[in-house]
Amino acid sequence: MKPYEKIQEEEAATWLIEDPIKRKEKAMREKIRYPILLKQMGLNYLDTNDMTVFDIGAGPLQGVSQLLRCKKRIPVDPLKDEYSKYFQVENYLGDKAEDLKGRLNEADLIIVTNALDHFENPRQFLSDLVTYTKPSCYIAMFHAIDNAYSHPHDAHQWNINWELIQEYLGKDFETVWYLDYQNDGLTYGWLKQPAFSFLIRRVTGY
């Protein structure tokens with residue numbers, strides 16, 4: 001098991017490219033996916049105008065939530081300070097997802113896009129979603145399936161799949177939207193890794 005600091009160091013290195021031309025190319029490659037990812041998570045069908053949205057693991061480009069009209073938008077990334085070298089991240093929370101806990105009850109929508117495999121403890125975060133989110137809170141996620149296995153990289157620590165999500169969230173959330181590789185041909189990135197995405201809603205209270 002790699003130390004969390006090493007995981008974060010490797011993730012930061014994928015963005016903190018000294019050559020400004022190559023850094024811009026990287027940012028454009030990632031950002032062009034955002035409108036597609038939004039649709040693949042079913043968020044184009046959700047009325048977010050009056051919502052407080054947490055975009056967790058938003059990366060340095062503000063995350064897919066920037067495309068939503070919402071009451072309040074909170075990008076969250078523990079690499080905020082590192083990203084500030086090249087990117088505009090002043091409006092970020094620089095917290096680990098596992099440290100948000102009580103703040104999760106502020107959210108009407110929580111988005112996690114291909115980031116859960118970078119967390120120090122994704123199972124704790126999934127458990128926190130059950131403990132702290134309020135009734136009717138929506139969770140939207142997109143992930144490459146079992147990324148630590150399918151795309152080995154020092155930043156890919158954990159294998160994430162629908163079975164893991166259901167283990168933690170299946171009893172407290174209803175599925176509103178779901179796509180996957182097997183049934184819908186959903187893939188991620190230029191490697192076309194098998195992927196899954198979903199939008200679920202909290203149906204039980206604290």
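This text goes with the structure placed above it.
Residues numbered from 1 in each chain as written. Predicted model: local features only at pLDDT ≥ 70, side-chain atom pairs only at ≥ 80, totals over all residues. Heavy atoms only, no water.

What follows covers the pattern of salt bridges. Applying the stated criterion across every chain, the model contains 8 salt bridges. A salt bridge links Glu30 to Arg33; the shortest N-O distance between them is 3.2 Å. Exposure class is identical for Glu30 and Arg33. Each is buried. Salt-bridge contacts for Lys96 lead to Glu120; the nearest nitrogen and oxygen are separated by 2.4 Å. Of the two residues, Lys96 sits in the loop between α4 (80–83) and β3 (109–113) while Glu120 sits in the loop between β3 and α5 (122–132), which places them 24 residues apart along the sequence. Beyond isolated ion pairs, a larger network of salt bridges with shared partners links Lys26, Glu30 and Arg33. (Salt bridge = Lys/Arg side-chain N within 4 Å of Asp/Glu carboxyl O. Buried < 20%, exposed > 50% of the residue type's maximum accessible area, 1.4 Å probe, protein only. Helix = DSSP H or I, 4+ residues; strand = E, 2+ residues; numbered from the N terminus.)

Bringing the environment of Leu179 into the picture now. Relative to the helices and strands, Leu179 resides in strand β5 (residues 173–180). Taking the relative accessible area as the measure of exposure, Leu179 reaches 17% and is therefore buried. C-alpha of Leu179 to C-alpha of Ala195: the two residues are 16 residues apart in sequence and 8.3 Å apart in space. The residues contacting Leu179, other than those within four sequence positions of it, are Gln40, Asp184, Leu186, Ala195, Phe196 and Ser197. (Contact = heavy atoms within 4.5 Å.)

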